[in-house]
Amino acid sequence: MKMKVKQVIDLLEANGWLYIGTKGDHHKFYKSGARRPIIIAGKRNDDLAEGTLLSILREAGLKQQRKQNELNEDNHAHIDSNH
C-alpha cells in the first residue's frame, strides 16, 4: 500500500497528532502521551517507502488500525464476490 506524505499527515491529524513545524522537508508532529514526536520526511506529493510508512503507523499507534481496515476491506470484497 502506497501513501503520499500529505495522506499520512491527514491521517495523523485526524488521530489527534498536532503539527509542530517543518525544517526543510521534515514535518514534525506531536501527541500528548506519545513517546516522542513523529517526523515525516518528504514533500507533500512524495510517496512514502513501505518501510517508512509502516514505521510511522506503528509509532503513531495506527498500524493495528490499518491491519483491521485491510481485513474489513478483504471481507467486504469476499462478500461482494459471492453475491
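Rules and cut-offs
Residues numbered from 1 in each chain as written. Predicted model: local features only at pLDDT ≥ 70, side-chain atom pairs only at ≥ 80, totals over all residues. Heavy atoms only, no water. Salt bridge = Lys/Arg side-chain N within 4 Å of Asp/Glu carboxyl O. Helix = DSSP H or I, 4+ residues; strand = E, 2+ residues; numbered from the N terminus. Buried < 20%, exposed > 50% of the residue type's maximum accessible area, 1.4 Å probe, protein only. Core = buried A, V, L, I, M, F, W, Y, C linked by side-chain atoms within 4.5 Å. Contact = heavy atoms within 4.5 Å. Pairing = 2+ DSSP bridges. Axes fitted to C-alpha atoms, helices over the stretch in contact; angles between N-to-C directions. Arc of directions from axis to C-beta.

Draft legend 1. Main features of the pattern of salt bridges. Within the structure shown, the criterion is met by three salt bridges. The salt bridge partner of Lys-4 is Asp-47, with a shortest N-O separation of 3.4 Å. Residue Lys-4 is located in the segment before helix H1 (5-14), and its partner Asp-47 is located in the loop between strand E3 (38-41) and helix H2 (50-59); the two are separated by 43 residues in the primary sequence. Judged by its relative accessible area of 29%, Lys-4 is partly exposed. For Glu-59, the salt bridge is made with Arg-36, and the minimal N-O distance between the two is 3.3 Å. With Glu-59 in helix H2 and Arg-36 in the loop between strand E2 (26-30) and E3, this pair connects stretches of sequence that are 23 residues apart. Residue Glu-59 is classed as partly exposed on the basis of its relative accessible area of 24%. Accessibility expressed as a relative area gives 44% for Arg-36, which makes it partly exposed.

Draft legend 2. Region of interest: the nonpolar core. In terms of nonpolar packing, the biggest core is built from 15 residues, with Val-8, Leu-12, Ile-38, Ile-40 and Leu-48 touching the most fellow members. Elements represented by at least two residues in this core include exactly H1, E3 and H2. Residue contacts for Ile-38: discarding those within four places in its chain leaves Leu-12, Trp-17, His-27, Lys-28, Phe-29, Ile-56, Glu-59 and Ala-60.

Draft legend 3. Focus on the sheet that holds strand E1 (residues 18-23). The three strands are arranged E1-E2-E3 in an open sheet whose pairing can be described as antiparallel. Pairing within the sheet leaves two strands with one partner each, and these edge strands are E1 and E3. Going across the sheet, the axis of each strand differs from the next one's by a mean of 25 degrees, ignoring polarity. Relative to E2, E1 runs antiparallel, the two being bridged by five bridges. Following the sheet pairing, Gly-21 is matched in E2 by Lys-28.

Draft legend 4. Up close: H2. Of the residues making up H2, those classed as buried are Leu-53, Ile-56 and Leu-57. What you see down the axis of H2 is that its buried residues fit within an arc of 95 degrees, all on one side. Turned more than 90 degrees away from the buried face of H2, the exposed residues are Gly-51 and Arg-58.

Draft legend 5. Region of interest: the pairing of E2. Residues of E2 alternate between two faces, with His-27 and Phe-29 buried on one and His-26, Lys-28 and Tyr-30 left unburied on the opposite face. From the end of E1 to the start of E2, which pair antiparallel, there are two residues, and Gly-24 there has a positive phi angle of about 70 degrees. With four bridges connecting them, E2 and E3 associate as antiparallel partners. Note on E3: the bridge partner recorded for His-26 is Ala-41.

Purely geometric numbers; function is a separate question.
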